[in-house]
Amino acid sequence: MAKRTVVLIGGGHAHIEVLRQRQRWCPPDVELWLLDVNPHAVYSGSLPAVVAGHWPVDQCLINLPTLCEELGVRWCQGRFLGLSADRSAICLADGRQLKFDLASLDIGSVPSSSDIANSHHGITAKPALNFLQRWQQVAAEPLALEPRAAVVVGGGVAGVELILAMRYRLHQLWGDRLRDWRWHLCSSGPLLSGHNRWVRARARRELNRAGVEYHDAAKVRQLGPASVILESGREIPSGFTLLCTPAAPPQSLGASRLPRDPAGFVPVDQYLRVTGFQNLFAVGDIAAFPRPLDKAGVYAVRQGPLLAANLGATLSGAGQAAFRPQRQYLKLITLGEPRAMASRGWLYAHGHWVWRWKQHIDEKFVERYRV
Ligand SMILES: Cc1cc2nc3c(=O)[nH]c(=O)nc-3n(C[C@H](O)[C@H](O)[C@H](O)COP(=O)(O)OP(=O)(O)OC[C@H]3O[C@@H](n4cnc5c(N)ncnc54)[C@H](O)[C@@H]3O)c2cc1C
């Protein structure tokens, strides 16, 4: 009998757990593939600590080909474009096709730039490897940038963590030589909206302390080679512009033959199956769950074991389990220096111990996928 083929598209947070649990759900007569554009998956929880210089870069990287080799999974480096006309194969950007019986999509998201003109003058926080590469150049020669100013666009957790991390790192490396450097954080909505008032107040204080100018109700209209232009017409000089705007799909899925919601994400049912498909799942940021969820790694991580079980159930003809997302989850927000705050509903805590707690969680996560 011909082997059945299961393809995991994207080495996102959910899929690496599905790989790790392979023995539990995947029968030996099934050929399992992992497809990703990059041989390294980035664990974004550790990104701010890497940017701040607390951790070396490889502490946030998971080597996908090595993981696959260890687990007996076939590795394929390539970019997913969409499905073939008869929906039986995955089409890659380089023209190759991968036949599949069952597949799952976990390709994440990127900060949205569609309503910012000339956004190519800036860089997005994801794909994280591109950002890290550019950041290393900036950190190596910040005095070469003209004007000597950095602007981060987006007042959510990623924007706050990254501006404080970058500022901390540059001051560690360059000290007083960066006296005339300016830091700006632009947010169209309130800072850290959705968090309690103690968390928001602490974030304000930390930005002040770090000398970051915070621009409230500052919607960015356009980027220039050396500036950021707001809807109000105000122009802020910028030698380095980083977008940490709300999540958008990592690429247009217009020609992919996949259903999409108005924001371009792929709708799934409570079992994580793509609408209209019995043999295709979607998880993590790219999936639009019936109840809208934050685009957060926590959900992708929690979906991993359930997806593994549902893939196994589909192969054996058993019933599917529903994903029941929690309404609130704990967010640990780093503050550049080795301090962090904890936020969940009305809970607020802050200190070096929160930072150590987060480091411990992040270290354990990455370690789990190290061969
Ligand atoms: C700075 C920062 C800090 C964050 N911190 C946290 C945090 O502390 N906690 C939290 O819950 N969330 C955090 N997030 C959000 C978190 O990053 C995302 O929600 C999470 O990564 C989503 O995981 P995922 O599995 O959907 O996809 P990802 O982990 O992003 O993985 C997607 C994978 O798909 C691959 N891929 C993309 N396109 C294709 C394609 N066309 N073909 C093949 N492969 C493709 C990519 O290379 C990547 O390996 C943070 C985000 C940022 C930017």
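Residues numbered from 1 in each chain as written. Predicted model: local features only at pLDDT ≥ 70, side-chain atom pairs only at ≥ 80, totals over all residues. Heavy atoms only, no water.

## Overview of the overall build of the chain
Moving on, step 1. Each helix and strand counted, the chain has nine helices and 25 strands in total.
Moving on, step 2. For 371 residues, the compact-globule formula gives about 21 Å, and the C-alpha radius of gyration of the chain, at 21 Å, lands near that figure.
Moving on, step 3. Each principal axis of the C-alpha distribution contributes one length, and for the chain these read about 70 × 40 × 35 Å.
Moving on, step 4. For the chain, with 371 residues in total, the buried portion stands at 54%.
Moving on, step 5. Excluding contacts between residues fewer than 6 apart, the proportion of contacts in the chain whose partners are at least 24 apart in sequence is 66%.
Moving on, step 6. Of the roughly 16,600 Å² that the chain leaves accessible, carbon and sulfur atoms contribute 49%. (Helix = DSSP H or I, 4+ residues; strand = E, 2+ residues; numbered from the N terminus. Rg over C-alpha atoms; globule rule 2.2 N^0.38 Å. Buried < 20%, exposed > 50% of the residue type's maximum accessible area, 1.4 Å probe, protein only. Contact = heavy atoms within 4.5 Å. Areas by Shrake-Rupley, 256 points an atom, 1.4 Å probe, with all protein chains shown as cover.)

## Examining the domain arrangement of the chain
Moving on, step 1. The domain boundaries assigned to the chain delineate domain 1 (4-37 + 78-109 + 249-316) and domain 2 (111-247).
Moving on, step 2. Taking only C-alpha atoms, the centre of domain 1 and the centre of domain 2 are 32 Å apart. (Domains from an automatic or database assignment.)

## Digging into helix H8 (residues 297-316)
Moving on, step 1. In a regular helix each residue adds 1.5 Å, so 20 residues correspond to 28 Å; H8 covers 29 Å between its end C-alpha atoms and thus fits that length.
Moving on, step 2. Residue glycine 304 marks the point of greatest curvature in H8, where the axis turns by about 35°; the proline proline 305 follows within four residues.
Moving on, step 3. Where H8 is concerned, the buried positions are Tyr299, Ala300, Gln303, Gly304, Leu306, Leu307, Ala308, Asn310, Leu311, Gly312, Ala313 and Leu315.
Moving on, step 4. On its buried side, H8 packs onto strand S1 (4-9), helix H1 (13-20), helix H2 (22-25), strand S2 (30-36), strand S9 (102-105) and strand S21 (280-282).
Moving on, step 5. Backbone geometry just after H8 places glycine 317 at a positive phi near 80°. (Expected span 1.5 Å × (residues − 1). Bend = angle between axes of the 7 residues up to and from the residue.)

## What to know about the packing of aromatic side chains
Moving on, step 1. The tally for this structure, following the rule as stated, stands at eight aromatic pairs.
Moving on, step 2. Between phenylalanine 289 and phenylalanine 323 the ring centres are 5.5 Å apart and the planes differ by 85°, which places this aromatic pair in the edge-to-face class. Of this pair, phenylalanine 289 sits in the loop between strand S22 (287-288) and H8 while phenylalanine 323 is found in the loop between H8 and strand S23 (331-335), placing the two residues 34 residues apart along the sequence.
Moving on, step 3. The class of phenylalanine 289 is buried, set by a relative accessible area of 13%.
Moving on, step 4. The class of phenylalanine 323 is buried, set by a relative accessible area of 8%.
Moving on, step 5. Note on tyrosine 299 and tyrosine 329: the rings are 5.3 Å apart at their centroids and 75° apart in plane angle, and the pair reads as edge-to-face. Of the two residues, tyrosine 299 sits in helix H8 while tyrosine 329 sits in the loop between H8 and S23, which places them 30 residues apart along the sequence. Across this residue pair, the class does not change: tyrosine 299 and tyrosine 329 are buried.
Moving on, step 6. Counting every residue linked through ring pairs, the aromatic cluster contains Tyr43, Phe365 and Tyr369.
Moving on, step 7. Residue placement shows arginine 87 over the ring face of phenylalanine 277; its charged tip is 3.9 Å from the ring centre.
Moving on, step 8. Over the face of the ring belonging to tyrosine 329 we find lysine 331, whose NZ or CZ atom lies 4.5 Å from the ring centre. (Phe/Tyr/Trp six-rings, centres within 6.5 Å; stacked < 30°, edge-to-face > 60°. Lys NZ or Arg CZ within 6 Å of the ring centre and 35° of its normal.)

## Observations concerning the site of the ligand
Moving on, step 1. Near the ligand lie 29 residues; those nearest to it are Asp36, Ser44, Asp106, Gln251 and Asp285.
Moving on, step 2. Backbone polar atom of valine 37 to a nitrogen atom of the ligand: 3.4 Å apart, as the coordinates give it.
Moving on, step 3. A distance of 2.4 Å separates an oxygen atom of the ligand from a polar side-chain atom of serine 44.
Moving on, step 4. Across the complex, the protein chains shield 86% of the 1,000 Å² of accessible surface that the ligand would expose by itself.
Moving on, step 5. Elements with a minimum of two residues in the shell around the ligand: H1, helix H6 (157-174) and H8.
Moving on, step 6. Broken down by element, the residue count for the shell around the ligand peaks at three residues, all from H8.
Moving on, step 7. A domain split of the shell around the ligand shows at least three residues from each of domain 1 (4-37 + 78-109 + 249-316) and domain 2 (111-247). (Near = heavy atom within 4 Å. Polar contact = N/O pair within 3.5 Å; in protein donor to acceptor, adjacent residues only side chain to side chain.)

## Section: the nonpolar core
Moving on, step 1. The biggest cluster of nonpolar side chains holds 61 residues, and the ones touching the most others in it are Trp25, Ile62, Phe80 and Ile90.
Moving on, step 2. Top element by residues in this core is H8. It accounts for six residues.
Moving on, step 3. Apart from the residues lying within four places of it in its own chain, the contact partners of isoleucine 62 are Ile16, Pro39, His40, Ala41, Leu67, Phe365, Val366 and Tyr369.
Moving on, step 4. Counting 46 residues, the second-largest nonpolar core is a separate cluster that includes Ala125, Phe131, Leu164 and Leu178. (Core = buried A, V, L, I, M, F, W, Y, C linked by side-chain atoms within 4.5 Å.)

## Focus on a nonpolar patch on the surface
Moving on, step 1. Judged by side-chain polarity, Leu330, Leu347, Trp353, Trp357 and Ile361 come together as a nonpolar surface patch covering roughly 450 Å² of accessible area.
Moving on, step 2. At three residues, helix H9 (residues 352-368) tops the list of elements feeding residues into the nonpolar patch.
Moving on, step 3. With respect to the helices and strands, the residue tryptophan 357 is situated in helix H9.
Moving on, step 4. Here tryptophan 357 falls in the partly exposed class, since its relative accessible area comes to 34%. (Patch = residues over 30% accessible without salt bridge, like charges linked within 9 Å, V, L, I, M, F, W, Y side chains within 5 Å. Salt bridge = Lys/Arg side-chain N within 4 Å of Asp/Glu carboxyl O.)

## With respect to the packing of H1 against H8
Moving on, step 1. Their axes nearest at 7 Å, the elements H1 and H8 cross at an angle of 40°. When the axis of H1 is compared with that of H8, the two are oblique. In the packing of H1 onto H8, the handedness of the crossing is right-handed. Counted together, His13, Ala14, His15, Glu17 and Val18 of H1 and Gly297, Ala300, Val301, Gly304, Pro305, Leu307, Ala308 and Leu311 of H8 form the full contact between these two elements. (Axes fitted to C-alpha atoms, helices over the stretch in contact; angles between N-to-C directions. Parallel < 35°, antiparallel > 145°, perpendicular 65-115°, else oblique. Left-handed = near helix turned anticlockwise from the far one by under 90°.)

## Focus: the sheet that holds strand S14 (residues 212-215)
Moving on, step 1. An order of S11-S18-S12-S13-S14 is seen for the five strands of this open sheet, with the pairing classed as parallel. Edge strands, defined here as strands with exactly one partner in the open sheet, are strand S11 (123-124) and S14.
Moving on, step 2. Strand direction decides the pairing type here: strand S13 (residues 182-186) and S14, joined by four bridges, are parallel. Bridging from a neighbouring strand, histidine 184 pairs with glutamate 213 of S14.
Moving on, step 3. Seen against the sheet, helix H5 (residues 128-140) touches S11 and strand S18 (240-243) and runs at an angle of roughly 155° to S18. (Pairing = 2+ DSSP bridges.)

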